[in-house]
Number of protein chains: 2
Amino acid sequence: MGKKISRTDRIAIITKILVENPNKIFTLNYFSDILNYAKSTLSEDIDVIEDVFEKFELGEIKSLPGAAGGIYYNPKLTDNQIENICNELCTLINDKSRIIPGGYVYMNDIFYNPDILQKIAKSLATPYLEKKIDYVVTIETKGIPLAIMVAKILNIPMIVVRKSPRLTEGTTIQMNYLAGSSRRINTMALAKRSIPKGAKVLFIDDFMKAGGTAKGITDLMKEFEAEVVGIAVVMSTKTPKEKLINEYYSLLEFDGIDEKEEQINIYRKTK
Amino acid sequence: MGKKISRTDRIAIITKILVENPNKIFTLNYFSDILNYAKSTLSEDIDVIEDVFEKFELGEIKSLPGAAGGIYYNPKLTDNQIENICNELCTLINDKSRIIPGGYVYMNDIFYNPDILQKIAKSLATPYLEKKIDYVVTIETKGIPLAIMVAKILNIPMIVVRKSPRLTEGTTIQMNYLAGSSRRINTMALAKRSIPKGAKVLFIDDFMKAGGTAKGITDLMKEFEAEVVGIAVVMSTKTPKEKLINEYYSLLEFDGIDEKEEQINIYRKTK
């Protein structure tokens, strides 16, 4: 490059790199190397970005001091932003053309739409952004796109629990569990090398009824000597009120379908 | 807000919004509303961002003229950037601790790592960024995280073909196909309402052997009167050289494992 670039140029570059890699820490040395500027100047640039992100509620630019320090983008939403996303989701879901015979609601277009998923993922990740979490865990299939987006936001790897063991994944730990709502025995399986002992995980799923799957994941993690430190779902059912797990975070509450009135009962979940 | 903000502030905000939403078109009116500045001033801001992205090879800021026009971020990689990502991937994969009895290679840590996935997704999406594509299609399970990341980059929805029909997805079209490598008959199923007639789709998967799955997806799309306009995979096997489909884009070539030498033969795929 050689020639010095302007402050506006530096701000565009730094913003781009931080925003594309949420929760990834970049050192001032990193920016100093690519931009060929003193760290003191770059610190001032970062202060500008930090202030404007705060002012416009665009998430946070955070600085970690010290030798292992650096700067990162934390795509935290405000309570108000999460409220708006939940309202938008309720409107999207409460559409009678989604009703499928058998009392189901068609939602693939929501859970496979990356634009909507990003908003849901940010909403689900927000309470966990400052917590020490090593892995996002989900179970195949529908929760996977959401889980990888949450993992991207938290900048940690994802683990996918399978419903049956795979030859291609080597030695597997397999477990039976009771799906709370159907009282049916299901299987979950996970490659032994997927997760190290002592890992702290966040379980992400699209839907929770009785919490049998979340309970199963909690038990499976114990087999790996790992610990579930959070359970976050997009929707949970109003009944049963008592779930098989104690604490969980849910954006919306689902209270069944009124097939006669063609009404899908979906609301913002209150505490 | 009231008070005017500075050019550096505007550049940080515009860059943030564009980069977080690749291929989503924002009008000048949109920025004018949130920033309270004239469109002529904002045009100049965007020129600054455009120039510096080009100079530093950070992707492209593109403008569409006219009434339906606007600005978007195109996260296109250069050939050289794709080469570097492929080399990095080969080094990551060619690690003897990945060898699983039975001739398999453990890769979950790669395909479930959002940081690596983002690089792979950009590499796979690059040739398709300027094409008219309506959906990214994949088949459960391993390709899903990659497919949603490609869908995010292209700013289009994803469709997940299932290996068996689901009650919860309504009327389903089900099809048998021959998995090319094992000569086994498999099933694929897709909800009828997933995809409209005439849609153009890009099939994304982690791995291709004989191309039986890609051929199956192509046939399934015909049942929906949709069309596969691209097939992109991370790895394809060296043999069979002739695949069941004609054209595909593959980043890497896999030529088996030398179990005695504990060597995984993985290379950059050449044309």
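One numbering rule holds for all chains: residues counted from 1, following each sequence as written. Working convention: letters from A go to chains and numbers from 1 go to ligands, in the order in which they are written. At least 70 in pLDDT is required for a residue's local features to be given in this predicted model, at least 80 for side-chain atom pairs to be given and counted, and no such filter applies to totals for whole chains, interfaces and linings, which use all residues.

Moving on to the domain arrangement of chain A. All names here are of chain A. Bear in mind that the domain bounds are from an automatic or database domain assignment. The assigned domain composition of chain A is domain 1 (8-74) and domain 2 (79-268). Taking only C-alpha atoms, the centre of domain 1 and the centre of domain 2 are 33 Å apart. A pair of residues counts as a contact when their C-beta atoms, built from backbone coordinates, are within 7 Å of each other. Counting residues at the interface gives five residues for domain 1, matched by six residues for domain 2. Residue classes in the side of domain 1 that touches domain 2 are distributed as one nonpolar, two polar and two charged. In this count, Pro and Cys sit with the nonpolar residues alongside Ala, Val, Leu, Ile, Met, Phe, Trp and Tyr, while Asp, Glu, Lys and Arg are called charged and the others, Gly among them, polar.

This part is about the packing of helix H1 (residues 7-20) of chain A against helix H3 (residues 39-55) of chain A. Residues and elements named next belong to chain A. For helices, the fitted axis covers only the stretch in contact; all axes are lines through C-alpha atoms, and the angles between them, taken along N-to-C directions, range from 0 to 180 degrees. Only DSSP runs of H or I covering at least 4 residues are called helices, and only runs of E covering at least 2 are called strands; the numbering of each starts at the N terminus. Direction vectors running N to C along H1 and H3 enclose 65 degrees, while the axes themselves pass 10 Å from each other. Of the two elements, H1 crosses H3, and the hand of that crossing is right-handed. Here Arg7, Arg10, Ile11, Ile14 and Thr15 of H1 come into contact with H3, specifically with Asp45, Ile46, Val48 and Ile49. Taken together, the residues of the contact of H1 with H3 sort by class into five nonpolar, one polar and three charged. For any helix crossing, the convention is left-handed if the near helix is rotated counterclockwise from the far helix by under a right angle, and right-handed if that rotation is clockwise.

A word on the interface of chain A and chain B. Opposite the 44 residues of chain A that make contact, chain B presents 44 residues. It is H1 of chain A that provides the largest number of residues to the side of chain A that touches chain B, a total of ten residues. Residue classes in the side of chain A that touches chain B are distributed as 24 nonpolar, ten polar and ten charged.

On to helix H8 (residues 212-223) of chain A. All names here are of chain A. With twelve residues, H8 ought to run about 16 Å at 1.5 Å a step, and its terminal C-alpha atoms sit 17 Å apart, in line with that. Among all positions in H8, only Gly212, Thr213, Ala214, Lys215, Gly216, Ile217, Thr218, Leu220 and Met221 are buried. A positive phi of about 55 degrees marks Glu225, the residue just after H8. Here the expected span of a helix is defined as 1.5 Å times the quantity of residues minus one. Buried, partly exposed and exposed are defined by the number of other C-beta atoms within 10 Å of a residue's own C-beta, namely 20 or more, between the two limits, and 12 or fewer respectively, with C-beta atoms placed from the backbone.

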